[in-house]
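Single-letter residue listing:
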Amino acid sequence: MKVAEAVGRALHAAGVGQVFGVVGSGNFHLTNAMVAAGSRFVAARHEGGAATMADAYARMSGTVAALSVHQGPGLTNAMTGIAEAAKSRTPLLVLAAEVTEPRSNFYVDQEALARSVGAVSARVTSAEDAVTQALDAVRRAVCERRTVLLNLPLGVQALDVPDVPDDVSTLAVMPPERAPVEPEFAEVEALARVLEKSRRPVFVAGRGARSPGARDALAALAERHGALLATSAVARGLFHGDPWSLDVSGGFASPLAAELFQEADLIVGWGCALNMWTMRHGRLIGADTTVVQVDDDASALGAHREVHLGVTGDVELTARRALETDDANRQSQQGKQARQGQQSQDAGQGFRTADTGEAIVARVRWRDVPYEDTSTRERIDPRTLSIVLDDILPAERVIGVDSGNFMGYPSMYLSVPDENGLCFTQAFQSIGLGLATAIGAALARPDRLPVAALGDGGAMMGAAELDTVRRLGLPMVVVVYNDDAYGAEVHHFGPDGHPLETVEFPPTDIAAVARGYGFEAVTVHTRADLKAVEDWLAGPRSAPLLIDAKVVADRGAWWLEEAFRGH
């Protein structure tokens, strides 16, 4: 058995059941071996799309996924998607064929490429160690929560593996799940003291809190201390339905959410970086606010801003340990008060007052914030578009959002049922990833209606993957917020009088482009045109639907100024 086949079969046996890629000569045998062993392979039209599909699939399924690419250009084509995955700490295995002869036209320093974007590099170096080295790459991806590039030299792939059993799966051991990090007792005690002193706490949950167990533990601890709940964008939906949820923190926060953040005397980030996006460059933090960060990676504590207390630990475990510490401390206090003839005091209500609750119901959602509808007979206000779509589309949805001026509208005006309702591939802030994001998320969550929200720039950049949507038979809705421009640049540079010809484009009939790929399509100028979306939803959905929404371009999105502060 050749190395390529042995490695492919072993990877499947180790739990790598989903592979995305574009197949060339260098990864042909490896990919086919994985398919023969039982892995599902999805052929993308471009390696960049394949990389993002794999990233999104891993995020939404909670499993490791693989990307298979040709040597040299196959890998370089995928680098933007790999960079996004690496920056997001997505457990992803990149399988790249490799030439080692510098004179080859396919030669690039693939190891250096991986390092340059924060991915981990590994290599299969011999036939004897090939399976072991491949399985170690899977283990690193899963246990270290990293994107790992496994280079597979062509010469090594073609070697015979000595003494390999016919059933290669006997050599493969499923990598252990990442063990939750137990927090130190002293740090939990310190957290419990800070929570006990707080009168207006806010919890912000991030990527590290995206699980039902973490959600339940945080909700219980928040109720104990009267804390309000919020998330970063990547964890949006975690507290869906909780009456004390402020939805998303940071640049996407509604005016009410921002106001309440600024009144907080304690902000606790749970598996959340508390970076410039989540804290609006620190402006959501009051001068006297105590800031605490909980993360299972010690290097993340204080990485983006100074914190008063850092706790190294798994989010769910830390929250539950804090509850246990609270219980022990209160029992001790009640015993002391009983001995002294004093009446015990219940936990304070914190931020959870009747007035705050009423304000949250009335004003925390962006769709409930009054606005002047600037729609015309030719173009629809993106807020109006998003609100109508939120009402039309089924609640059980999974949304993939591209980057650009428009992105706040679908991210905040379209509701999601839980933390698995929004796939937010924005760590690298690249446009063109949104459609591939929605494809990967759709395959991970086939029980939900997939929705891709794109700008016209990103839609045209990733248009090749419209073929992938149609070929896979995905009942997807693709919404294009079409302002015939790179809107972020228009609204950032236009007010200063800079020429905009380089970022504005002649009108493009994106609906016609989609029909060419086999989509049903509708061009939307006004609210009435969205009746076609209702008709599609009521029908067989035998072909995906693209909505070419001609949106007004009279203003930049509310979060745009915040975004450009980070450049």
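Residues numbered from 1 in each chain as written. Predicted model: local features only at pLDDT ≥ 70, side-chain atom pairs only at ≥ 80, totals over all residues. Heavy atoms only, no water.

Peer 1: Whenever I open this one, the packing of helix α3 (residues 47-61) against helix α15 (residues 434-444) confuses me. Can you help?
Peer 2: Two packed helices can be described by the angle between their axes and the distance between those axes. Closest axis-to-axis distance for the α3/α15 pair is 7 Å, and the angle between their directions is 40°. Taken together, α3 and α15 sit at an angle that is classed as oblique. In this structure, α3 meets α15 at a crossing whose hand is right-handed. The segment α3 lies against α15, with G49, T52, M53, A56, Y57, M60 and S61 engaging A436, T437, I439, G440, A441, L443 and A444. (Axes fitted to C-alpha atoms, helices over the stretch in contact; angles between N-to-C directions. Helix = DSSP H or I, 4+ residues; strand = E, 2+ residues; numbered from the N terminus. Parallel < 35°, antiparallel > 145°, perpendicular 65-115°, else oblique. Left-handed = near helix turned anticlockwise from the far one by under 90°. Contact = heavy atoms within 4.5 Å.)

Peer 1: Explain unusual backbone geometry to me, please; I cannot follow it from the model alone.
Peer 2: Negative phi is the rule for most residues except glycine; trans is the rule for most peptide bonds. One non-glycine residue, D484, lies in positive phi territory at about 60°. Its place among the elements puts D484 in the loop between β16 (477-482) and α18 (487-493). One non-glycine residue, R541, lies in positive phi territory at about 55°. On the secondary structure map, R541 appears in the loop between α20 (531-538) and β18 (545-550).

Peer 1: Mind showing me how you'd approach the sheet that holds strand β4 (residues 92-98) here?
Peer 2: Two pairing modes exist for strands in a sheet, parallel and antiparallel, and in both the strands are linked by backbone hydrogen bonds. The strand order β2-β1-β3-β4-β6-β5 describes an open sheet built from six strands, whose pairing is parallel. Each of the sheet's edge strands pairs with one partner strand only, and the pair in question is β2 (40-43) and β5 (120-123). Here the strands of the sheet are splayed against their neighbours by 25° on average, with no regard to which way each runs. (Pairing = 2+ DSSP bridges.)

Peer 1: Quick question: what am I supposed to make of the environment of G241 here?
Peer 2: Relative to the assigned elements, G241 resides in the loop between β8 (228-231) and β9 (245-248). When its relative accessible area of 69% is taken as the criterion, G241 is described as exposed. Measuring from C-alpha to C-alpha, the distance between G241 and G357 comes to 13 Å, with 116 residues separating the pair along the chain. (Buried < 20%, exposed > 50% of the residue type's maximum accessible area, 1.4 Å probe, protein only.)

Peer 1: Sorry if this is basic, but what is going on with the packing of aromatic side chains here?
Peer 2: Two measures describe an aromatic ring pair: the distance that separates the ring centres and the angle between the ring planes. Inspection of the entire model under this criterion finds seven aromatic pairs. An angle of 45° between the planes, with centres 6.1 Å apart, marks the rings of Y409 and Y413 as tilted. Here Y413 and Y409 lie together in helix α14 (residues 408-413), a separation of four residues that amounts to about one turn. Take Y409 and Y413: they sit in the same class, and that class is buried. (Phe/Tyr/Trp six-rings, centres within 6.5 Å; stacked < 30°, edge-to-face > 60°.)

Peer 1: How should the pattern of salt bridges be read in this particular structure?
Peer 2: Between side chains of opposite charge, pairing is possible as soon as their charged atoms come close. Counted according to the given criterion, the structure contains 33 salt bridges. D326 is the partner of R224 in a salt bridge, and the nearest nitrogen-oxygen pair spans 3.9 Å. Here D326 lies in helix α11 (residues 315-339) and R224 lies in helix α9 (residues 212-225), a separation of 102 residues in the sequence. Residue R224 is classed as partly exposed on the basis of its relative accessible area, which comes to 22%. By relative accessible area, which is 2% here, D326 ends up buried. By sharing partners, the salt bridges in this structure join E98, E111, R115 and R123 into a single network. (Salt bridge = Lys/Arg side-chain N within 4 Å of Asp/Glu carboxyl O.)

Peer 1: Would you explain the side chain of T384 in this entry?
Peer 2: Mapped onto the elements, T384 comes out in helix α13 (residues 382-392). Classification of T384 as buried rests on a relative accessible area of 3%. In this structure the side chain of T384 is engaged in a polar contact, spanning 2.7 Å, whose partner is the side chain of Y371. Other than its neighbours up to four places away in sequence, T384 contacts Y371, D373, S375 and R527. (Polar contact = N/O pair within 3.5 Å; in protein donor to acceptor, adjacent residues only side chain to side chain.)

Peer 1: Would you explain the state of the cysteines in this entry?
Peer 2: Note: disulfide means a covalent bond formed between the sulfur atoms of two cysteine side chains. This structure, assessed with the given rule, holds zero disulfides. Counting only cysteine sulfurs, C272 is the nearest neighbor of C423, a cysteine outside any disulfide, at a range of 17 Å. (Disulfide = S-S within 2.5 Å.)

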